[in-house]
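A look at the structure
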Amino acid sequence: MIQQSDEENGIAENQQLIEELKSLRREVAELKTEKAAFQAQKKLLEHSVATIIRASPEEEMLKATLQDTLDVCSQLTGAQKGSLFLLDRQGAVTDSILTQRETALKERDRLIGCVLAQGLARLGIQTAPDRIDRRH
């Protein structure tokens with residue numbers, strides 16, 4: 001039986017410590033991601049409760065909740081911009097919710113037009129007639 005030298009034992013221990021360190025770093029990264037998700041969920045819940053308390057009309061409550069949801073989603077994904085469009089039964093935009101809240105009305109209309117003409121929303125609107133709930 002050949003015994004390992006002190007140097008070989010030291011190298012093996014160092015490699016084991018390096019692997020443990022890598023594992024701990026991965027675990028810390030996962031915990032940070034989970035913490036961010038929980039904080040975002042907490043923020044969304046707080047905003048939703050505050051919205052429910054202060055909003056009287058159902059439509060305004062829905063819009064405020066959707067705005068909070070869009071803000072949290074943008075924060076979680078790191079998106080710089082985001083938008084939600086409310087459509088009527090014919091697929092026409094009746095309202096929009098943007099991450100850029102302070103956007104001037106003309107600029108808002110231009111942004112909506114661009115997203116509807118060139119963005120992912122165009123695909124959603126094109127397929128919306130197949131997915132609209134017509135039970136009402």
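What you see is a predicted model; the values in this text were computed from it and never measured.

A closer look at the overall build of the protein
Summing up its helical and strand segments, the protein has four helices and two strands in all. Along the protein, helices and strands appear, N-terminal first, in the series α-α-β-β-α-α. By sequence separation, contacts in the protein at least 24 residues apart represent 40% of the contacts at least 6 residues apart. As displayed, the protein offers around 11100 Å² of accessible surface, 56% of which is attributable to carbon and sulfur atoms.

Section: the pattern of salt bridges
This structure, assessed with the given rule, holds one salt bridge. With a shortest N-O distance of 3.8 Å, Lys22 and Glu19 are connected by a salt bridge. Highlighted residues: Lys22 and Glu19, both in helix H1 (residues 6-54), separated by three residues, approximately one helical turn. The class of Lys22 is partly exposed, set by a relative accessible area of 42%.

Considerations on the side chain of Lys63
In this fold, Lys63 is placed in helix H2 (residues 58-77). The class of Lys63 is buried, set by a relative accessible area of 17%.

Things to note about H2
Each α-helix turn comprises 3.6 residues. Residues three or four places apart therefore point the same way. The end-to-end C-alpha separation of H2 is 28 Å, in line with the 28 Å expected for 20 residues at 1.5 Å each. Turning to H2, its buried residues number three or more, namely Lys63, Ala64, Gln67, Asp68, Leu70, Val72 and Ser74. Two residues or fewer past H2, Gly78 is found with a positive phi of approximately 80°.

A closer look at the pairing of strand S2 (residues 93-98)
Sheet topology note: the strand S1 (residues 83-87)/S2 ladder contains five bridges and is antiparallel. Counted as the bridge partner of Leu84 is Ile97 from S2. The antiparallel pairing of S1 with S2 creates a hairpin that spans five residues between the two strands, and Gly91 there sits at a positive phi of about 90°.

Brief notes about the environment of Gln100
Assignment of secondary structure puts Gln100 in the loop between S2 and helix H3 (105-118). Considered as a pair, Gln100 and Ser83 are 17 residues apart in the sequence and their alpha carbons are 8.6 Å apart. What Gln100 contacts, discounting residues up to four positions off in sequence, is Lys81, Gly82, Arg108 and Leu111.

Conventions and cut-offs
- Residues numbered from 1 in each chain as written.
- Predicted model: local features only at pLDDT ≥ 70, side-chain atom pairs only at ≥ 80, totals over all residues.
- Heavy atoms only, no water.
- Helix = DSSP H or I, 4+ residues; strand = E, 2+ residues; numbered from the N terminus.
- Contact = heavy atoms within 4.5 Å.
- Areas by Shrake-Rupley, 256 points an atom, 1.4 Å probe, with all protein chains shown as cover.
- Salt bridge = Lys/Arg side-chain N within 4 Å of Asp/Glu carboxyl O.
- Buried < 20%, exposed > 50% of the residue type's maximum accessible area, 1.4 Å probe, protein only.
- Expected span 1.5 Å × (residues − 1).
- Pairing = 2+ DSSP bridges.

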